[in-house]
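Structure assessment
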Amino acid sequence: MRPRLFPWRKATETMVQNKLLKIHNLHKSYGDLEIFKGLSLAMDRGDRLVIIGPSGGGKSTLLRIVMGLEDIVGGDVYLDGKPYILRDGGKTKIDHKLQARVGMVFQHYTLFPHLDILRNLTLAPVKTRGTPRAEAEAKAMALLDRFGLAAKARSYPSQLSGGQKQRVAIARALMLDPDLLLFDEVTSALDPELVAEVEAVMMELADQGMPMMIVTHDMHFARNIASRVVFAAGGVVVEDGPPEQVLDNPQVARTREFVERVFARKK
Amino acid sequence: MHFDPTIPFKYWDALLIGLGTSLRLTLICLAIGIALGFVTSQARQSRLLPVRAVATFYVELFRGTPVLIQLFWIFYCLPMLIGAEPGNFISAVLSLSLYAGAITSETFRAALKSIPREQYDTCRALGITGLRLAIWVVLPQALLRAIPTLLSNAVALFKESALISAVGMADLMFIGSSIANRTGRPVEMLTAVAIIYFTVAFPLTRIVGRIEARILRRLAV
Ligand SMILES: Nc1ncnc2c1ncn2[C@@H]1O[C@H](COP(=O)(O)OP(=O)(O)OP(=O)(O)O)[C@@H](O)[C@H]1O
Ligand SMILES: [Mg+2]
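The text that follows walks through the structure, step by step, so that each part is easy to find.

The rules we used
Residues numbered from 1 in each chain as written. Chains lettered and ligands numbered in written order. Predicted model: local features only at pLDDT ≥ 70, side-chain atom pairs only at ≥ 80, totals over all residues. Heavy atoms only, no water. Core = buried A, V, L, I, M, F, W, Y, C linked by side-chain atoms within 4.5 Å. Buried < 20%, exposed > 50% of the residue type's maximum accessible area, 1.4 Å probe, protein only. Helix = DSSP H or I, 4+ residues; strand = E, 2+ residues; numbered from the N terminus. Contact = heavy atoms within 4.5 Å. 1 Å grid on protein atoms, 1.4 Å probe; cavity = no way out; pocket = protein on both sides within 12 Å on 5 of 7 lines; lining within 4 Å. Points joined across faces, edges and corners; volume = space filled by probe spheres on them. Pairing = 2+ DSSP bridges. Axes fitted to C-alpha atoms, helices over the stretch in contact; angles between N-to-C directions. Right-handed = clockwise from strand over helix to strand, strands pointing away. Salt bridge = Lys/Arg side-chain N within 4 Å of Asp/Glu carboxyl O. Phe/Tyr/Trp six-rings, centres within 6.5 Å; stacked < 30°, edge-to-face > 60°. Lys NZ or Arg CZ within 6 Å of the ring centre and 35° of its normal.

1. Observations regarding the nonpolar core
Residues and elements named next belong to chain A.
- The biggest cluster of nonpolar side chains holds 52 residues, and the ones touching the most others in it are Ile52, Ile170, Phe183 and Met202.
- A total of seven residues in this core trace back to one element, the largest contributor, which is helix α7 (residues 192–207).
- Residues contacting isoleucine 52, with those up to four places away along its chain left out, are Lys59, Thr216, Met219, Val229, Val230, Phe231, Ala232, Val246, Leu247, Phe258 and Val259.
- Membership of the second largest hydrophobic core comes to 33 residues, among which are Ile23, Leu26, Val66 and Met104.

So this is what it looks like as structure tokens:
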């Protein structure tokens with residue numbers, strides 16, 4: 001262990017130690033609309049968190065905050081025990097070194113339409129991390145191969161199906177070796193028959209122990225991939241537990257109501 | 001006097017020289033105009049109010065007034081302002097470039113606006129920010145989206161360039177009308193001039209449609 005420079009900070013450091021992500025007392029509003037009213041949430045390295053909740057409840061906002069894309073009103077976020085996002089002097093401070101360790105995949109893939117698939121993958125590592133092009137390309141080809149997309153390396157995004165595009169988007173995020181990967185309804189825009197190929201890729205990452213935070217409406221997939229399910233509503237975490245608890249046997253009335261409604265709609 | 005379609009052919013070499021001047025001027029002004037237009041489109045989004053105000057005033061002024069009057073302003077007023085005769089070539093280049101800059105700045109503004117918000121979020125998530133974001137993501141997409149309209153702008157500029165004959169530049173229009181006056185054959189000569197303009201502009205306008213379709217297909221993600 002490194003010698004401690006500030007022994008008196010030991011208490012807080014132990015508190016957040018071992019937690020990959022810790023969100024503490026998060027407050028967020030858009031104008032008058034209060035989205036989070038003191039939301040707290042922690043995540044271990046082995047966790048795959050699935051976040052469920054009512055539409056407009058702030059699931060996307062939560063992921064965007066963790067990605068460092070949003071200002072917050074109050075609270076703080078720690079990554080790997082280090083302060084990542086906090087309020088300081090009336091402003092949101094984001095540690096960009098830590099931000100680089102988080103990756104995100106969006107609902108609409110948002111590939112770069114002017115670049116072919118290989119360049120989509122290599123742009124960030126080559127231009128922002130200084131990775132030599134040959135090295136980045138070798139890594140990109142290995143990832144594409146793994147996701148069954150090697151033949152598409154020289155195609156453009158517009159020539160791919162939705163499922164292929166979303167797999168490329170996941171590969172692109174993986175190029176930067178994130179410690180935490182965020183997925184915001186990544187299969188919602190897909191035709192039903194394409195959902196499985198994207199979910200299969202996510203399951204494969206799960207099997208390899210990739211920490212993930214996932215927002216999805218697919219309860220069946222949620223049950224399969226989650227190590228924990230978080231039900232967030234009304235600006236706070238209402239219930240947080242293993243999928244067998246939150247999805248099958250919720251302890252809080254509000255969760256039960258939500259889950260029953262979602263499953264009822266399914267049938 | 002009959003319509004004699006053979007007359008313009010006697011002067012084909014002079015007309016060709018005129019066409020060369022028109023094309024050269026169009027290309028020079030287009031190049032300057034595109035650079036100016038891009039800078040102006042950026043200035044119009046500046047956080048500094050004076051920069052924004054000057055850029056907006058410039059664009060609206062040159063878009064909202066006849067090009068012929070702009071040409072006269074520059075031709076007659078500029079010498080008074082700077083106290084020297086810039087010569088009619090410089091004046092012509094200056095006025096057409098300013099006009100091209102104003103119209104292409106609108107083209108760039110629309111192209112920049114059409115880049116979806118998600119592209120910016122994605123880049124931030126990937127750590128692509130600032131100048132890198134502009135150079136590797138925003139600019140190429142904006143240019144791609146702007147190409148069809150820029151080509152239309154180029155065709156428009158080529159036709160507008162006929163106005164510089166009014167200040168004595170020996171372009172296609174000027175040479176055509178001079179010969180028309182000298183020979184007393186305005187119908188034949190001006191029809192020939194129109195056909196030459198059309199022969200250059202028409203294929204370009206057709207190409208614009210094709211390129212546009214291709215680019216839209218590429219950008220449809
Ligand atoms: N940029 C913004 N400006 C203003 N309001 C916003 C903005 N982004 C989101 N909101 C609002 O914040 C609330 C939470 O939005 P968010 O997208 O996080 O919800 P969500 O839980 O992801 O919903 P869904 O399940 O429909 O995706 C919504 O009421 C939304 O309208
Ligand atoms: Mg959402």
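2. Topic: the layout of surface pockets
- Considering only enclosed or pocket space, the second largest pocket measures out at about 320 Å³ in volume.
- Looking at the second largest pocket, it is lined by 19 residues, and the ones nearest its centre are His96(A), Gln99(A), Arg124(B), Leu126(B) and Gly127(B).
- In terms of residues, the lining of the second largest pocket owes the most to one element, strand β7 (residues 102–105) of chain A, which gives three residues.

3. Comments concerning the environment of Glu197(A)
Residue and element names in this part refer to chain A.
- Structurally, the position occupied by glutamate 197 is in helix α7.
- Residue classification places glutamate 197 among the partly exposed residues on the basis of a relative accessible area of 24%.
- Not counting the four nearest positions on each side in its chain, glutamate 197 is found in contact with Ser161, Gly163, Gln164 and Arg167.

4. Considering the sheet that holds strand β1 (residues 19–30) of chain A
Residues and elements named next belong to chain A.
- If you walk across this open sheet you meet the five strands as β2-β1-β4-β5-β6, and the pairing is antiparallel. Here the strands that pair on one side only, and so sit at the sheet edges, are β2 (33–44) and β6 (91–94). In this sheet, adjacent strand axes meet at a mean angle of 15° when their direction is disregarded.
- The pairing of strand β4 (residues 74–79) with strand β5 (residues 82–88) spans four bridges and is antiparallel.

5. Thoughts on the pairing of strand β8 (residues 180–184) of chain A
Residues and elements named next belong to chain A.
- Taken across its five residues, β8 has five buried, putting it largely inside the fold.
- Side chains Leu180, Leu182 and Asp184 of β8 all project onto a buried face; the interleaved residues Leu181 and Phe183 project onto the opposite face, where all are buried too.
- Bridging between β7 and β8 involves four bridges; their strand directions are parallel. In the strand pairing of β8, glycine 103 is matched with leucine 181.
- Across four bridges, β8 lies against strand β9 (residues 212–215) in parallel orientation. Bridge pairing links phenylalanine 183 to isoleucine 214 in β9.
- The parallel pair β8 and β9, bridged by α7, forms a crossover whose chirality is right-handed.

6. Here's the deal with the pattern of salt bridges
- Enumeration according to the criterion identifies 24 salt bridges over all chains in this entry.
- Arg45(A) is paired through a salt bridge with Asp80(A); the nearest N and O atoms lie 2.3 Å apart. You can see Arg45(A) sitting in the loop between β2 and β3 (48–52) and its partner Asp80(A) sitting in the loop between β4 and β5, a full 35 residues away along the chain.
- With a relative accessible area of 38%, Arg45(A) lands in the partly exposed category.
- Shared partners join several salt bridges into a network, and the residues in it are Lys28(A), Arg64(A), Glu70(A), Arg117(B) and Asp121(B).

7. Overview of the packing of aromatic side chains
- Across all of its chains, the model carries seven aromatic pairs over all chains by this definition.
- Taking the centre distance of 5.7 Å and the plane angle of 20° together, the rings of Phe72(B) and Tyr76(B) count as stacked. With a gap of four residues between them, Phe72(B) and Tyr76(B) both fall in helix α4 (residues 67–82), about one helical turn apart.
- For Phe72(B), a relative accessible area of 31% corresponds to the partly exposed category.
- Judged by relative accessible area, which is 47%, Tyr76(B) ranks as partly exposed.
- Considering the side-chain rings of Phe75(B) and Tyr76(B), the 5.2 Å spacing of their centres and the 90° angle between planes classify their relative orientation as edge-to-face.
- Site record: aromatic cluster; members linked through ring pairs are Phe72(B), Phe75(B) and Tyr76(B).
- Here Arg218(B) stacks its cationic end above the ring of Tyr156(A), 3.7 Å away from the centre of that ring.

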